[in-house]
Amino acid sequence: MKTLIRQGLVVDPSQDLNSQLDVLLQDGKVEAVDSNIELSPDEKAEVIEAQGCVVCPGLIDMHVHLREPGREDKETIDSGSRAAAAGGFTSVMCMPNTDPVIDNESVVRHVLEQGLRAGRANICTAGAVTKGQGGEELAEIGEMKRAGIVALSDDGHPVMNSQVMRRAMEYARVFGLPVLDHCEDKYLSAGGCMNESSVSTRLGLNGMAGVAEEVHIARDVMLSRLTGCHAHICHVSTAEGLQHVRRGKVDGIAVTTEVCPHHFTLADADIKDYDTNYKMSPPLRTRRDLEAMLEGLKDGSIDCIATDHAPHTSLEKDTTFEEAAFGIIGLETSLPLCIEFLLRKEVVSLSRLIELMSTNPARILGLDRGTLKKGSAADVTIFDPEREITVDASAFESKSRNTPYHGWNLHGLPLVTIVSGRIVHDRR
């Protein structure tokens, strides 16, 4: 079966495309991208009229928590796949802090098989750096690589022992895997539940100093220089932390980084009434840090945008701010937030936005995605950047509802999500 996407604004940074074109998909691959693709009368094809819409390589979120196995009450691979497709994402990468931890071949295969069974977004996974994410003994990296992992991470449980992290990076380089690190010195952040600032003092809450993030970023950049391993800094949130990444890039060190939408749309001063939907890790930082994230997106210091989609049950959030779980969901709000706060405010161009949300994540993870070149996988996202929406958490495909954006008026709606030539979400 063929699918012809007609006369959308095709934006593909991998080919420097930004023009009104047709896209033809056939047998799960991109067959052609041209100004006017004609079908013969006997050719059967589904035609998608895309005038006024953006057609781009499928969006990729390289940092999500799908909670399976172990916490299917929060999210499953199936529900997370539906949320991803609804948000315009054709591929997502799971973090390994599940129960059991994704630290061996059998759990890796289970996750990938569940992803295939769900049949929506492409599901890939990181493997844990250390066994049980305990930070002491390296996991079976080669075994997990053979099973199909595309990265290593102990996300949520930073590897505090620098010697262990050094050895992990040395092994990761041998296997061609990036190491994705949640940078946080747990001793410096101990007991904190929000950013340490005048806001935390006013609210009477224990703070988490930005330096707890920054010292670990500096360490990882130096270890990357030592080992030659590709170090990817997860969810950068402070101005000084981003400076460490910049310096590493200038020095030719293999370091990349991501930022989450909540860190360029919200600051700690936005926390009111102790709403636990504003509690996340890293925490919301100062307005200065927020502006630094926007500047990093603009100048290229930040490589990609990731959601850190972290589903939690209402019981875990309907409690005091100190006791509530860290994290918010993001798969179904990411694209509208990026359009509203980055594209419409002219922080980045449309081509740069697609680079941040598709082309670069594919490159970092070594995925054969993030492009509409002829013969590539037919993963396509079609969205209307002008459509006005009101965020309604009750209508999410995700099993969880923990978002600070409920009721926000934004622009941008994913209309059609196509994975390997098959329409997996359709809002036309």
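Refer to the preceding data block for the structure.
Residues numbered from 1 in each chain as written. Predicted model: local features only at pLDDT ≥ 70, side-chain atom pairs only at ≥ 80, totals over all residues. Heavy atoms only, no water.

So, on to the state of the cysteines. Under the defined criterion, the tally for this structure stands at zero disulfides. With no disulfide partner, Cys53 has as its closest neighbouring cysteine sulfur the one in Cys56, 11 Å distant. For Cys234, which is in no disulfide, the shortest distance to another cysteine sulfur is to Cys183 and amounts to 7.4 Å. (Disulfide = S-S within 2.5 Å.)

Bringing the packing of aromatic side chains into the picture now. The full count for this structure, using the stated rule, is two aromatic pairs. With a centroid separation of 6.2 Å and 45 degrees between ring planes, the pair formed by Phe341 and Trp408 is classed as tilted. Of this pair, Phe341 sits in helix α12 (residues 334-343) while Trp408 sits in the loop between β16 (380-390) and β17 (409-419), and the two are 67 residues apart along the sequence. Judged by relative accessible area, which is 23%, Trp408 ranks as partly exposed. Ring plane angle 90 degrees and centroid distance 4.8 Å describe the contact between Tyr405 and Trp408, whose orientation is recorded as edge-to-face. By relative accessible area, which is 1% here, Tyr405 ends up buried. Among the aromatic residues, those joined into a cluster by ring pairs are Phe341, Tyr405 and Trp408. The ring of Phe326 carries Lys279 above its face, with NZ or CZ at 4.4 Å from the centroid. (Phe/Tyr/Trp six-rings, centres within 6.5 Å; stacked < 30°, edge-to-face > 60°. Helix = DSSP H or I, 4+ residues; strand = E, 2+ residues; numbered from the N terminus. Buried < 20%, exposed > 50% of the residue type's maximum accessible area, 1.4 Å probe, protein only. Lys NZ or Arg CZ within 6 Å of the ring centre and 35° of its normal.)

With that settled, the discussion passes to empty space enclosed by the protein. One pass over the full model with this rule turns up three cavities of 30 Å³ or more. In this model, the largest cavity occupies a volume close to 70 Å³. The wall of the largest cavity is formed by 13 residues, among which Cys183, Glu184, Pro282, Pro283 and Arg285 lie closest to the centre. When the residues that make up the lining of the largest cavity are grouped by side-chain class, the tally is six nonpolar, four polar and three charged. Forming the boundary of the second largest cavity are Pro261, His262, Thr307, Ile328, Ile329, Gly330, Thr333, Leu337 and Tyr405. (1 Å grid on protein atoms, 1.4 Å probe; cavity = no way out; pocket = protein on both sides within 12 Å on 5 of 7 lines; lining within 4 Å. Points joined across faces, edges and corners; volume = space filled by probe spheres on them. Nonpolar A, V, L, I, M, F, W, Y, C, P; charged D, E, K, R; others polar.)

For any two helices packed against each other, one specifies the inter-axial angle together with the distance between the axes. One way to put it is that helix α1 (residues 77-86) packs onto helix α2 (residues 105-118) with a least axis distance of 9 Å and a crossing angle of 55 degrees. Regarding the angle of α1 to α2, the classification is oblique. Relative to α2, the crossing made by α1 is right-handed. For the pair α1 and α2, contact is made by Ile77, Asp78 and Ser81 and by Val111, Gln114, Gly115 and Ala118, respectively. Among the residues forming the contact of α1 with α2, the class breakdown is three nonpolar, three polar and one charged. (Axes fitted to C-alpha atoms, helices over the stretch in contact; angles between N-to-C directions. Parallel < 35°, antiparallel > 145°, perpendicular 65-115°, else oblique. Left-handed = near helix turned anticlockwise from the far one by under 90°. Contact = heavy atoms within 4.5 Å.)

Attention shifts here to helix α10 (residues 287-299). The terminal C-alpha atoms of α10, which comprises 13 residues, lie 18 Å apart, in line with the 18 Å expected from a rise of 1.5 Å per residue. Those residues of α10 that sit buried are Asp289, Leu290, Ala292, Met293, Leu294, Gly296 and Leu297. Elements that come into contact with the buried residues of α10 comprise α8 (239-250), β14 (255-259), α9 (262-265), β15 (304-305), α12 and α13 (350-365). Of the residues one or two after α10, Gly300 is the one with positive phi, at around 95 degrees. (Expected span 1.5 Å × (residues − 1).)

For the rest of this paragraph, the subject is a nonpolar patch on the surface. Together, Leu188, Val211 and Val215 make up an exposed nonpolar region whose accessible area comes to about 210 Å². Among the residues examined, Val215 registers a relative accessible area of 33% and is labelled partly exposed. (Patch = residues over 30% accessible without salt bridge, like charges linked within 9 Å, V, L, I, M, F, W, Y side chains within 5 Å. Areas by Shrake-Rupley, 256 points an atom, 1.4 Å probe, with all protein chains shown as cover. Salt bridge = Lys/Arg side-chain N within 4 Å of Asp/Glu carboxyl O.)

It is worth spelling out the environment of Thr320 at this point. Along the chain, Thr320 turns up in the loop between α11 (314-317) and α12. Between the C-alpha atom of Thr320 and that of Thr276, which follows or precedes it by 44 residues, the distance is 7.5 Å.

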